[in-house]
Amino acid sequence: MIDIKLHISAILAALAVPLAMRGQENGLWDLRRCIDHAVENNLTVKSSELSREQNELDLNTAKASRLPDLSAGAGQNFSFGRGLSESNTYVNTNTSSTSFSLGSSVNIFSGMRVNKTIKLNALNLEAATADLEKAKDDIRVQVTQQYVQILYDQEIVKVAERQVSIDSVQVARLRAMLENGKASAAEVAQQEASLGQSRLTLTQARNTLALSLLDLSQLLELPSPQGFGIVTPEVGITLPMPACGPEEIYAEAVGRRPGIKAEQLRLDAADMNIGIAKSAYYPTLTLNGGIGSNAYKSSGYDAAKFWDQFKNNFSQYVGLSLNIPIFAKLSTRNSVRGARLSRSMQLVQLESAKKSLYKEIQQAWYNAVAAESKLSSCQDALTSAEKSFELVSAKYESGKASATEFAESRNSLMKAQSDLVQARYEHLFQVKLLDFYRGSDLAL
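So, how was this worked out
Every residue gets a number counted from 1 within its own chain, in the order that chain's sequence is written. Per-residue local features of the predicted model are confined to residues with pLDDT of at least 70, and side-chain atom pairs are confined, for both listing and counting, to 80 or more; whole-chain, interface and lining totals are unaffected and use all residues. Excluding hydrogens and water, the side-chain figures rest on all heavy atoms present in the structure. In this analysis, strands are considered paired if DSSP registers two or more bridges between them. Per the convention used, a helix needs a DSSP run of H or I reaching at least four residues, while a strand needs a run of E reaching at least two, with both numbered from the N terminus. The buried label applies to any residue whose accessible area, calculated with a 1.4 Å probe on protein chains only, is under 20% of its type's maximum; exposed applies above 50%, and partly exposed to all values in between. Each direction from the helix axis to a C-beta atom contributes to the arc, which is the arc of those directions. Note on ring pairs: Phe, Tyr and Trp rings are taken, using the six-membered ring of Trp, and paired if centres are within 6.5 Å. Classes follow the plane angle, with under 30 degrees stacked, over 60 edge-to-face and the rest tilted. Only when the NZ of Lys or the CZ of Arg is both within 6 Å of the ring centre and within 35 degrees of the ring normal is a charge said to sit over the ring. Think of a nonpolar core as a cluster: buried Ala, Val, Leu, Ile, Met, Phe, Trp, Tyr and Cys residues, connected wherever their side-chain atoms sit within 4.5 Å. Comment: axis = line fitted to C-alpha atoms, over the contacting stretch for helices; angle = value between 0 and 180 degrees taken between N-to-C directions.

J.: I'd love a proper account of the pairing of strand 4 (residues 95–109), names of residues and values included.
T.: For strand 1 (residues 69–79) and strand 4, the ladder comprises 11 bridges, and the chain directions are antiparallel. Considered in strand 4, the bridge of Asn77 is made with Ser97. Pairing between strand 4 and strand 5 (residues 284–298): 14 bridges, direction antiparallel. When the bridges of strand 5 are listed, Ser99 appears paired with Asn294.

Below, the structure written as structure tokens:
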């Protein structure tokens, strides 16, 4: 009899057990290496990192606005023709003047705009940091899902290879029987057709596996999938369903998921924006100070030396500037209203993100429940299909079953094997995803 048994590898083994040394030596990638490489090289993650750096720069700029400014100026002027002389009369002459100045100003009060702007940019930086973590989590989930898909496709290839082996044995047996006159040419041709179909199924399975490897290599931003492969775990473990339901998982997840945190921080930033808009109602007070000097020379007249004039004309000033807003053509009022509208929209965005998270957790939960039920059914179906195939094979080899019956039994077995593999991997992935929402690492 032909012994048909599935060796189903569990995703937890890829996450938790030590990797086979031969796999590492052959350049195969385990799940941890795939995730780390994707997080480091994925373009979406890199874009989020650059966005965070930009927000960090904006915060630094906002903090620096507390400092006084300092500017220097110099001027050289030439005048030709009629002009005012030292005797306060107008004469035709050429004159030149040189001036230097150094000034500074510092904001004393601006309705708390500076402090609130700093807090706003700090919140934006925290939100950008949370966005970066969300991008990393998203790529981790995508890589894990694709990794599991490859494991599934590999098992399907093994199933198809076994079917080719079964049909090859039967073709060889019938050809030998044909030579001895115990089988007809039609029976041989029918079995060869079945072998051709099995080989086609194997080719399709290998193509699907190649495409899955391509998808994962693209997630990892590898230049080519050539030579790329993954480590297949050698230990099969079935994860139990979480003891808590989707509501409890959501309650744990909503407080720690970076996507929700980012939206909450943006809501806080929207509150801060309202305060910044309101600061335009308040007066501003600025302290100014500076120094300066100049030198003057008129052709046809004697003038003091340049440095003597520069010393004698040296001056200093210090003062306060108060600006009181009275009417700004409703721009301040509209800015406040616009900031409040932005807050309302951000509140909707936060609620939408929470509902999306709850929907994802619900889907993962019910997918896991369905996969668990399907897994049990598929195990029973496989047991029945194996027994049926053994009986039909024995009858077929003894000439009591037709090639059609043998092919139908073989196809039923192949489908049962495929369904079981799919249910096992789907269940493992969904349960692991639920643990991930609760704070577990996908690649422990």
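Further notes follow.
J.: Could you give an account of helix 3 (residues 31–41), with specific residues and numbers?
T.: Along helix 3, the residues that are buried comprise Leu31, Cys34, Ile35, Ala38 and Val39. With its buried residues spanning 125 degrees around the axis, helix 3 presents them on a single face.

J.: Describe the packing of aromatic side chains, listing the residues and the values that go with them.
T.: Scanning all chains against the criterion turns up seven aromatic pairs. Relative to Trp307, the ring of Phe306 lies with its centre 5.2 Å away and its plane at 85 degrees, an arrangement referred to as edge-to-face. For Phe306, a relative accessible area of 32% gives the class partly exposed. Judged by relative accessible area, which is 63%, Trp307 ranks as exposed. An aromatic cluster is defined as three or more aromatic residues linked by ring pairs; in this entry it consists of Phe100, Phe306, Trp307 and Phe310. The residue whose ring lies beneath Arg33 is Trp29, and the NZ or CZ to ring-centre distance is 3.9 Å.

J.: Requested: an account of the nonpolar core, with residues and values cited.
T.: Core analysis: the largest hydrophobic core is formed by 60 residues, its most contacted members being Val143, Leu216, Leu220 and Phe228. Taken together, the elements giving at least two residues each to this core come down to helix 3, helix 5 (113–179), helix 6 (185–219), helix 7 (246–253), helix 8 (258–278), helix 10 (331–397) and helix 11 (403–437).

J.: Which residues make up the sheet that holds strand 1, and what are the values?
T.: Strand order across the open sheet formed by four strands is 1-4-5-6, with antiparallel pairing between neighbours. The open sheet has two edge strands, strand 1 and strand 6 (315–323), and neither has a second partner. Mean inter-strand twist for the sheet, computed between neighbouring axes without regard to direction, equals 20 degrees.

J.: Give a description of unusual backbone geometry that names residues and reports values.
T.: Here the phi dihedral of Met112 falls at roughly 65 degrees; this positive angle occurs in a residue that is not glycine. Tracing the backbone shows Met112 in the loop between strand 4 and helix 5. Met112 gets classed as partly exposed once you look at its relative accessible area, which sits at 42%.

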